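Spelled out, the chains give:
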Amino acid sequence: RSPQGASVAKPGTLLRKYKLEPPGLLGEMTTRRELETLLELCVALESKEAAATLVQFAGLGLDGGRYTASQAPHSVREIAQKVIGKFTNTEAKQFILDVARGEEKVGRRKEVAGNRAGAIQALGQFEDEVFRPAIESGLTSEATEVRRAADQGLGARTNQQSVRPLIDAVAKETIGSNLMLLVATLEDCMESAKDGVTASERRLAVEAAIGGLGKTGWRGDMMLVEFLGRFRSAEAVPALIKVLEWFVDADDKIRSGELSTIL
């Protein structure tokens, strides 16, 4: 059943009911351990249907729905993202790829964006370079959760080829939490590529960081300033001076939390 429709039972109940307990199981059966076992058994089916089920778990909590603390969508999603990378079947991987591209839909209508986000992030678990463009395509999505998932998927790969799409995403992002993640991933990709990053890409990255200052709040600005400190350019100096000027007669903004002296 889908995660949204699953009922809560004593750990191990489903495994025993369907005689799926792994042989030689040691230690206490917990809810988390049972879920891991069930999802791994699902992956072992190596089918399109199994992939559709895993995608729903991988996107759990990204659909904007309301969940209780006991449902722990973040923990469920974390487990599913780890397990989904074990698929080896071509049809199953292709289905996940199609969901990531938005060409296949799974789950209820309101869950579509969340499940696409889950599929995009899941592609980051596969090392095959063929999946990278599909992950990058999520950076331009209108859905915040899809853009965030694309960033996380690329973060798992730190590929030099993703530097330019990430620069474009940084330049356009207006959500502070997303911007922080994007800047961190861009920095990781540029650091891992080292001399492979061209002078043009470095210049564009600096320009994107400068352009982002003041767009999303002081936390996002912190990441951009740190990035400009790592990838130094004389072009950034006037912009950094302007940031300092924000703090002239800004006591009210500091007290309200709109600005922070940490910045």
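The following refers to the structure shown.

Another aspect to go through is the overall build of the protein. Helices and strands together make up the secondary structure of the protein, namely 14 helices and 0 strands. Along the protein, helices (α) and strands (β) appear in the sequence α-α-α-α-α-α-α-α-α-α-α-α-α-α when read from the amino end. Taken along the three principal axes of its C-alpha coordinates, the protein extends 70 × 40 × 35 Å. Counting over 263 residues, the protein shows a buried share of 44%. Counting only contacts in the protein whose residues sit at least 6 apart along the sequence, the fraction spanning at least 24 positions is 60%. Carbon and sulfur atoms make up 51% of the accessible area of the protein, which totals about 14200 Å².

Moving on, we get to unusual backbone geometry. Phi angles above zero are rare outside glycine, and Ala-72 is one such case at about 45°. For Ala-72, the location among the structural elements is in the loop between helix H3 (48-58) and helix H4 (73-84). Residue Asp-249 is not a glycine yet carries a positive backbone phi of 55°. Along the polypeptide, Asp-249 turns up in the loop between helix H13 (237-245) and helix H14 (251-256). Residue Asp-249 is classed as exposed on the basis of its relative accessible area, which comes to 76%.

Looking now at the pattern of salt bridges. One pass over the full model with this rule turns up 15 salt bridges. With a shortest N-O distance of 3.4 Å, Glu-36 and Lys-82 are connected by a salt bridge. In this pair, Glu-36 is assigned in helix H2 (residues 31-43) and Lys-82 in helix H4, connecting sequence segments 46 residues apart. Judged by its relative accessible area of 19%, Glu-36 falls in the buried class. Of the residues examined, Lys-82 reaches a relative accessible area of 47% and is grouped as partly exposed. Notably, a salt bridge pairs Arg-164 with Asp-168, separated by 3.8 Å at the nearest N-O pair. Of this pair, Arg-164 and Asp-168 are both found in helix H9 (residues 163-172), 4 residues apart, which corresponds to roughly one turn of the helix. The network of salt bridges with shared partners includes Arg-32, Glu-36, Glu-78 and Lys-82.

With that settled, consider H9. Among all positions in H9, only Val-163, Leu-166, Ile-167, Ala-169 and Val-170 are buried. End-on view of H9: buried residues confined to an arc of 165°, all on one side of the axis. On the buried face of H9, the contacting elements are helix H8 (144-155), helix H10 (176-193), helix H11 (199-212) and helix H12 (218-230).

Applying the stated rule across the entire model yields 2 aromatic pairs. Seen in terms of ring centroids, Phe-126 and Phe-131 are 5.4 Å apart; in terms of plane orientation they differ by 40°. Their pairing is tilted. Assigned by exposure class, Phe-126 and Phe-131 land together as buried. The interplanar angle of 40° and the centroid separation of 4.8 Å between the aromatic rings of Phe-227 and Phe-231 together place this pair among those described as tilted. By the burial criterion, Phe-227 is buried, and Phe-231 matches it.

A few words now on the packing of H10 against H12. Running from N to C, H10 and H12 cross one another at 15°; their axes reach a closest spacing of 8 Å. As judged from the angle between their axes, H10 and H12 are roughly parallel. The crossing of H10 and H12 is left-handed. Each of Leu-179, Met-180, Val-183, Ala-184, Leu-186, Glu-187, Met-190 and Glu-191 in H10 lies in contact with H12, whose residues at this interface are Arg-219, Gly-220, Met-223, Leu-224, Phe-227 and Arg-230. Grouping the amino acids of the contact of H10 with H12 by side-chain chemistry returns 9 nonpolar, 1 polar and 4 charged.

We now examine the side chain of Ser-260. Within the secondary structure, Ser-260 sits in the segment after H14. Excluding its chain neighbours within four sequence positions, the residues that come into contact with Ser-260 are Trp-218 and Phe-247.

Further remarks concern the environment of Val-163. Looking at the secondary structure, you find Val-163 in helix H9. With relative accessibility at 0%, the residue Val-163 sits in the buried group. With 20 residues separating them along the chain, Val-163 and Ala-143 place their C-alpha atoms 21 Å apart. Discounting residues that sit within four places of it in the chain, Val-163 has contacts with Leu-186, Cys-189, Met-190 and Glu-201.

Basis of the calculations
- By convention here, each chain's residues receive numbers from 1 onward along its written sequence.
- Reporting of local features is limited, given that this is a predicted model, to residues whose pLDDT is at least 70; pairs of side-chain atoms are given and counted only at 80 or more, and all residues count toward the totals for whole chains, interfaces and linings.
- Side-chain metrics rest on all non-hydrogen atoms present in the structure, leaving aside hydrogens and water.
- Numbering goes from the N terminus for both helices and strands, where a helix is a DSSP run of H or I of at least four residues and a strand is a run of E of at least two.
- Each residue's exposure class comes from its accessible area (1.4 Å probe, protein chains only) as a fraction of the maximum for that residue type: buried when under 20%, exposed when over 50%, partly exposed otherwise.
- Any two residues whose heavy atoms approach within 4.5 Å are treated as being in contact.
- To be clear on the numbers: accessible area is Shrake-Rupley with a 1.4 Å probe, and residue cover counts the displayed protein chains and nothing else.
- Counted as salt bridges are all cases of a side-chain nitrogen of Lys or Arg within 4 Å of a carboxyl oxygen of Asp or Glu.
- Regarding the arc, it is the one traced by the directions from the helix axis to the C-beta atoms.
- Centres within 6.5 Å are what make two rings of Phe, Tyr or Trp a pair, Trp counting through its six-membered ring; a difference in plane orientation under 30 degrees is then read as stacked, over 60 as edge-to-face, and the rest as tilted.
- All axes here are fitted lines through C-alpha atoms, helices being fitted over the stretch that makes contact, and every angle between N-to-C directions spans 0 to 180 degrees.
- Oblique is the label for any angle not covered by the other classes, which are roughly parallel (under 35 degrees), roughly antiparallel (over 145) and roughly perpendicular (65 to 115).
- Each crossing gets its hand from how the near helix is turned against the far one by less than a right angle, where anticlockwise is left-handed and clockwise is right-handed.
- Side-chain classes follow a simple rule in which Ala, Val, Leu, Ile, Met, Phe, Trp, Tyr, Cys and Pro form the nonpolar group, Asp, Glu, Lys and Arg form the charged group, and the remainder, Gly included, forms the polar group.

Treat this as a map of the structure, not an account of what it does.
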